[in-house]
Amino acid sequence: MSGTEVVLLRLATTVAGAAARALLTPRPGAGLVPDPVRPLPRPAKPDRLAKVLAGRLSEAYADLPEHERLAALVSVQDTFAAGVPDTDRLFALELDPERLRAELSAPAAGLSARSLDLYEDLLGRCCAHLVEQLTAHPSFAARAAAEQVRAAGRTRELVAEVRDRVGPRPDAADLEFEGRYAEFIANANDRVELSG
């Protein structure tokens, strides 16, 4: 196994560990009870991600010297080892891998421009993998539904607050008349007589 393959496997294992921490540490399900009744499944193994990253290295960065590739890989691994946000933070980022990549991005000093490109590319792929793992987890649907209901409630509160500050619409009387007229027409013509 070459040095690059070893570092790729370490990086994939670090990303898988980050997914496991994000999935298993916070509240399972919708997060409404502290201790779930059902056990949670295990996250995916890192082999698949290591193959994807190795394919990307050989496709787009084959001309990059080995030591620069290793530096970029170790830098991505260090970024994930430093700590990935928990699920609450990931939901705040709207589960967007690009926003997660932008928040986590902290390349090691001294990377060349091409190594920095590799770092950003691999970090983005690892973030996408992490979000994919989170959304594929059985507890995700329940948690996402709870988050969506909470967000809808906050939106309603904000709209009501803006409506209170702005006041009634200038054409509110016209809209009220149109509503009453539509109701009158519907009641007056709610029956159809068939002849013949």
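Going by the structure above, here's the rest.
Cut-offs and rules
- Residues numbered from 1 in each chain as written.
- Predicted model: local features only at pLDDT ≥ 70, side-chain atom pairs only at ≥ 80, totals over all residues.
- Heavy atoms only, no water.
- Salt bridge = Lys/Arg side-chain N within 4 Å of Asp/Glu carboxyl O.
- Helix = DSSP H or I, 4+ residues; strand = E, 2+ residues; numbered from the N terminus.
- Buried < 20%, exposed > 50% of the residue type's maximum accessible area, 1.4 Å probe, protein only.
- Axes fitted to C-alpha atoms, helices over the stretch in contact; angles between N-to-C directions.
- Parallel < 35°, antiparallel > 145°, perpendicular 65-115°, else oblique.
- Left-handed = near helix turned anticlockwise from the far one by under 90°.
- Contact = heavy atoms within 4.5 Å.
- Phe/Tyr/Trp six-rings, centres within 6.5 Å; stacked < 30°, edge-to-face > 60°.

S.K.: I would appreciate a short explanation of the pattern of salt bridges in the present structure.
M.R.: Once their charged atoms are close, side chains differing in charge can pair, the charge on each being opposite to the other. Within the structure shown, the criterion is met by 13 salt bridges. For arginine 56, the salt bridge is made with aspartate 121, and the minimal N-O distance between the two is 2.5 Å. Of the two residues, arginine 56 is situated in helix H2 (residues 47-60) and aspartate 121 in helix H6 (residues 113-136); the sequence distance between them amounts to 65 residues. Here arginine 56 falls in the partly exposed class, since its relative accessible area comes to 21%. Across the pair glutamate 98 and arginine 101 runs a salt bridge, and its minimum N-O distance is 3.1 Å. With glutamate 98 and arginine 101 both in helix H5 (residues 97-104) and three residues apart, this pair spans about one turn of that helix. With a relative accessible area of 44%, glutamate 98 lands in the partly exposed category. By sharing partners, the salt bridges in this structure join Arg56, Glu59, Asp121 and Arg125 into a single network.

S.K.: When you look at the packing of H5 against H6 in this model, what are you seeing that I'm missing?
M.R.: Each pair of packed helices can be summarised by the angle the axes make with each other and by the distance between the axes. Packing of H5 against H6 leaves a shortest axis separation of 8 Å and a crossing angle of 125°. The orientation of H5 with respect to H6, classified from their angle, is oblique. Crossing handedness for the pair H5 and H6: right-handed. Counted together, Pro97, Leu100, Arg101 and Leu104 of H5 and Tyr119, Glu120, Leu123, Gly124, Cys127, Ala128, Leu130 and Val131 of H6 form the full contact between these two elements.

S.K.: In this structure, what is going on with the packing of aromatic side chains? I would like to understand it.
M.R.: The relative placement of two aromatic rings is captured by the distance of their centres and the angle of their planes. All told, the structure shown has two aromatic pairs when counted by the stated rule. Ring centres of phenylalanine 177 and tyrosine 181 lie 6.0 Å apart, and the angle between their planes is 20°; on these two criteria the pair is classed as stacked. Of the two residues, phenylalanine 177 and tyrosine 181 are both situated in helix H8 (residues 172-188); the distance of four residues between them amounts to about one turn of the helix. Judged by its relative accessible area of 48%, phenylalanine 177 falls in the partly exposed class.

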